[in-house]
Amino acid sequence: MTEAQDERIADLERRFRQGDPRALARALTLVESGHPVGQALLKRLRGQGQAKVVGITGSPGAGKSTLTDRLILEARKRGERVGVLAVDPSSPFTGGAILGDRIRMMRHHQDPGVFIRSLASRGALGGLAGATVAALNLLEAFGFDRIFVETVGVGQSEVDIARVADTTLLVLTPAAGDAVQAFKAGVMEIADLFAINKFDLPGGERLIQELKSALELSPPRPGGWRPPIYPTVAATGEGVEALFEGLEAHHRHLVEHGLLEAHRLERARFEVESVIQEWGRRKTQAAEELVVQVARGELSPEEAAWSLLRPEA
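Residues numbered from 1 in each chain as written. Predicted model: local features only at pLDDT ≥ 70, side-chain atom pairs only at ≥ 80, totals over all residues. Heavy atoms only, no water.

Trainee: How do you make sense of the overall build of the protein chain when you look at a structure like this?
Mentor: The secondary structure content of the protein chain amounts to twelve helices and seven strands. A burial count over the protein chain gives 48% of its 313 residues as buried. Within the protein chain, contacts between residues at least 6 apart in sequence are counted, and of these 76% link residues at least 24 apart. (Helix = DSSP H or I, 4+ residues; strand = E, 2+ residues; numbered from the N terminus. Buried < 20%, exposed > 50% of the residue type's maximum accessible area, 1.4 Å probe, protein only. Contact = heavy atoms within 4.5 Å.)

Next up, the structure:
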C-alpha cells in the first residue's frame, strides 16, 4: 500500500465515521469493484454496528420491491435508520443488470434516514455475490439500525440469503404455483417468515393452508421457532404492519436464544467461500490450455483444479 493510498483510506474513513453518505457511496463502489483501497477500508470498519438484517426473497413478480418499500416506511415510523441492498440479476454474458428495484423505492430518495443501493449479482452461482456481504458490512458499520437485502429470487439465491441475513422473509403469491416451487427448492427450511403478497387475488387462503401443511413436516427450527404466515397487499399497505411486528418477534427470538452470533459467523463463512469461488473463476478463465486438456480427456477436472489451486499456479 502506497503512502498516497494510506492517506486516501484515512480521509475516506474519517468522512465515513462522520456520517457522510457520499463517503459511504464511494466506499461501496470501491468494495464492489474489489479495489485495494476498498478492501483496506472494509478491514478497518468490519464488525462494527448491530443492525437487524432482513433478507427478502421470492420469485420474480411477487412484489418484493413494493413490499420492501412498505417495510421501509414501517421502520421509519419507529425512528430506525434504514439501509437497503437490492441485488439484481446480472447478465452472465455482459455483466449488466437492470437495477430496477430502486425505481420502486423513489419515495425515499429525499429521506436522509434511508440509503438504497442496487447491486448486480455479477454471475455468482447462487445469485449473491461476495460483494453483497461486503456492502452489508459497510452499511452496518455506517450505523443503520435495519438493513433489508432484497435478492434476485432466482435459482439458489433463496438459500444463500439465509446464510447472510438474520431473518429471512419469503414472499409468495396466490395462484402462481409458488408453494409447489418452494417445496421443491427446499426453501421451506430456510424461511423464518412467509408473506402471501397480493392476497387480494384468488387462492390466498388455499396457499396458507398448503404452507401450514408443509411446515408441519419441516424439521424443527433453532430455539423452537415456528415460521408465521402473513397475508399482505403491498400496493395498499394492508398487513404490512403485522408483518413488521413478525420480523421484530423473530429478532427477539434470536437474541433470547443466543442465535445471533451463529448467524454472523455463517455470514463470514459465506463471504470467504464467495472470494474463493471468484478466484477460481478468474484463474479458470485465464487457463485456456488447461480447459482444452480437460475437454480432450487429457486431464480430469480434479487434476486441472488442483493445478490451478497450487500456490505456485
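Okay, back to it.
Trainee: What is the right way to read the pattern of salt bridges from this model?
Mentor: A side chain with one charge may pair with a side chain of the opposite charge, provided their charged atoms come close. The final tally for this structure, using the stated rule, is 24 salt bridges. Put simply, glutamate 140 and arginine 264 hold a salt bridge, and the shortest N to O gap is 2.9 Å. Here the residue glutamate 140 occupies a position in helix H5 (residues 130-141), and arginine 264 occupies one in helix H10 (residues 260-285), the gap between them amounting to 124 residues. (Salt bridge = Lys/Arg side-chain N within 4 Å of Asp/Glu carboxyl O.)

Trainee: Which parts of the structure should I look at to understand the packing of aromatic side chains?
Mentor: Scanning all chains against the criterion turns up three aromatic pairs. Where phenylalanine 115 meets phenylalanine 144, the ring centres are 6.4 Å apart and the plane angle is 40°; that geometry is what we call tilted. In this pair, phenylalanine 115 sits in strand E3 (residues 114-120) while phenylalanine 144 sits in the loop between H5 and strand E4 (146-150), placing the two residues 29 residues apart along the sequence. On the basis of relative accessibility, which here comes to 14%, the residue phenylalanine 115 falls in the buried class. Among the aromatic residues, those joined into a cluster by ring pairs are Phe16, Phe115, Phe142 and Phe144. Across the ring face of phenylalanine 144, the terminal group of arginine 81 is positioned such that the distance to the ring centre comes to 5.0 Å. (Phe/Tyr/Trp six-rings, centres within 6.5 Å; stacked < 30°, edge-to-face > 60°. Lys NZ or Arg CZ within 6 Å of the ring centre and 35° of its normal.)

Trainee: It is not clear to me how the side chain of arginine 163 should be interpreted in this structure. Could you clarify?
Mentor: Structurally, arginine 163 is set in helix H6 (residues 157-164). Among the polar contacts made by the side chain of arginine 163, one reaches the side chain of glutamate 266 at a distance of 2.6 Å. Apart from residues no more than four positions distant in its own chain, arginine 163 is found in contact with His263, Glu266, Arg267, Arg269, Phe270 and Glu273. (Polar contact = N/O pair within 3.5 Å; in protein donor to acceptor, adjacent residues only side chain to side chain.)

Trainee: Would you take a moment to explain the nonpolar core for this structure?
Mentor: A general feature of soluble globular proteins is that nonpolar side chains tend to end up buried together. Membership of the largest hydrophobic core comes to 35 residues, with the highest contact counts inside it found for Phe16, Leu24, Leu138, Leu139 and Val149. Among the secondary structure elements, those contributing two or more residues to this core are helix H1 (3-17), helix H2 (21-32), helix H3 (36-45), strand E2 (82-88), E3, H5, E4 and H6. Element by element, the count of residues in this core is highest for H5, at seven residues. Ignoring anything within four residues of it in the chain, the contact list for leucine 139 reads Leu24, Leu28, Gly83, Val84, Leu85, Phe115, Phe144 and Ile147. Counting residues in each nonpolar core, the second largest holds 22 residues, with Val54, Ala62, Val82 and Leu243 among its members. (Core = buried A, V, L, I, M, F, W, Y, C linked by side-chain atoms within 4.5 Å.)

Trainee: Help me understand a nonpolar patch on the surface, please; the structure alone is not making it clear to me.
Mentor: A contiguous nonpolar patch, built from Val272, Val275, Ile276 and Trp279 and spanning about 400 Å² of accessible area, is present on the exposed surface. Inspection of the secondary structure puts valine 272 in helix H10. (Patch = residues over 30% accessible without salt bridge, like charges linked within 9 Å, V, L, I, M, F, W, Y side chains within 5 Å. Areas by Shrake-Rupley, 256 points an atom, 1.4 Å probe, with all protein chains shown as cover.)

Trainee: Where do I start with helix H9 (residues 240-256) in this structure?
Mentor: Residues separated by three or four positions in an α-helix point in the same direction, a consequence of the helix having 3.6 residues per turn. End to end, H9 covers 24 Å across 17 residues, agreeing with the expected 24 Å (1.5 Å per residue, within 8%). Buried within H9 are the following residues: Val240, Leu243, Phe244, Gly246, Leu247, Glu248, His250, His251, His253 and Leu254. Glycine 258, located one to two residues past H9, shows a positive phi value of around 60°. (Expected span 1.5 Å × (residues − 1).)

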